[in-house]
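Breakdown of the fold
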Amino acid sequence: DKIELNLEELDLAELLRNILPSIELKVGEKQGTLALDLEAEHTLIKADRLHLTNILHNLVDNGVKYTKGAPEIHIRLRNEGDKVVLSVQDNGIGIAREHQKHVFDKFYRVPTGNVHNVKGFGLGLFYVKTICKEHRWKLNIDSAPGKGTTVSIQMPAQAG
C-alpha cells in the first residue's frame, strides 16, 4: 500500500501550463470554461511529477463530472507565507457537510441521487488524499450543495 515517490524540484506554475491543453480538452468536451490564475510568486515545490499531474487531472475530472450543464473550473495558485496553495474550484452540485469527511475514504461515493451518469469507483479522492499524505501536504475541501466545490492543497515552497 506504500507509494514510492520520485521527488524532484519542480515549478508548479510551469507544470500547470504544460498540462493545460489536456485539461482544457476535458472541460471543453462539456462546453465548459477553464480559468487559470497563477498569482503565486514562489511556485517551486518538491513533488512527484507523475502523481501530482494525476491528482490535478483527478480534481478537474471531478469538477467536470459533478457539474450539471457547462462546467466552470478555476485553478488557482497562490502563496500563503512559506506555502504554495493550489486550489481547484468548480461550479458543480457540491457536497453536503455530512459527506465531506468521508469523500477521501476508499470506495466512498457521495449518494448523488439523480446523477446517474457519473461512473467511478470512489477511488479518485482517496488517491488524492494518499498522494497528499505521502508528500506531507495539507488537503482541504470546501463545498456546499448547489455551490460547487473547492479542493485546496497546501505545499511547502522551495527556496528558489
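Cut-offs and rules
- For every chain, the first residue of its written sequence is number 1, and the numbers climb from 1 along that sequence.
- Only residues with pLDDT of at least 70 get local features here, since the model is predicted, and only at 80 or more are side-chain atom pairs given and counted; chain-wide, interface and lining totals rely on the full set of residues.
- Hydrogens and waters are ignored; side-chain quantities use all the structure's heavy atoms.
- Working definition: helices are DSSP H or I runs of at least four residues, strands are E runs of at least two. Numbering for both runs from the N terminus.
- Expected span, for any helix, means 1.5 Å times one less than how many residues it has.
- At every residue, the bend is computed as the angle between two fitted axes, covering the seven residues ending there and the seven beginning there respectively.
- Think of it in three bands: with a 1.4 Å probe and only protein chains considered, a residue is buried below 20% of the maximum accessible area for its type, exposed above 50%, and partly exposed in between.
- One requirement defines pairing of two strands: DSSP has to find at least two bridges between them.
- Orientation is described by axes fitted as lines to C-alpha atoms, over the contacting stretch for helices, and by angles from 0 to 180 degrees between their N-to-C directions.

**Regarding helix H1 (residues 12-29)**
End to end, H1 covers 25 Å across 18 residues, agreeing with the expected 26 Å (1.5 Å per residue, within 8%). Where H1 bends most, at leucine 20, the angle is about 50°, and the proline proline 21 comes one to four residues later. Of the positions making up H1, those classed as buried are Leu12, Ala13, Leu15, Leu16, Ile19, Leu20, Ile23 and Val27. Two residues or fewer after H1 comes glutamine 31, characterised by a positive phi angle close to 55°.

**Overview of the sheet that holds strand E5 (residues 83-89)**
Taken in spatial order, the five strands make up an open sheet running E2-E4-E5-E7-E6, and their pairing is mixed. In this open sheet, the two strands that pair with only one neighbour each are strand E2 (33-38) and strand E6 (138-144). Sheet twist, expressed as the mean angle between neighbouring strand axes with direction ignored, is 15°. Sheet analysis places E5 next to strand E7 (residues 148-156), joined by seven bridges and oriented antiparallel. Residue valine 88 lies in a different strand from E7, and its bridge partner there is valine 151.

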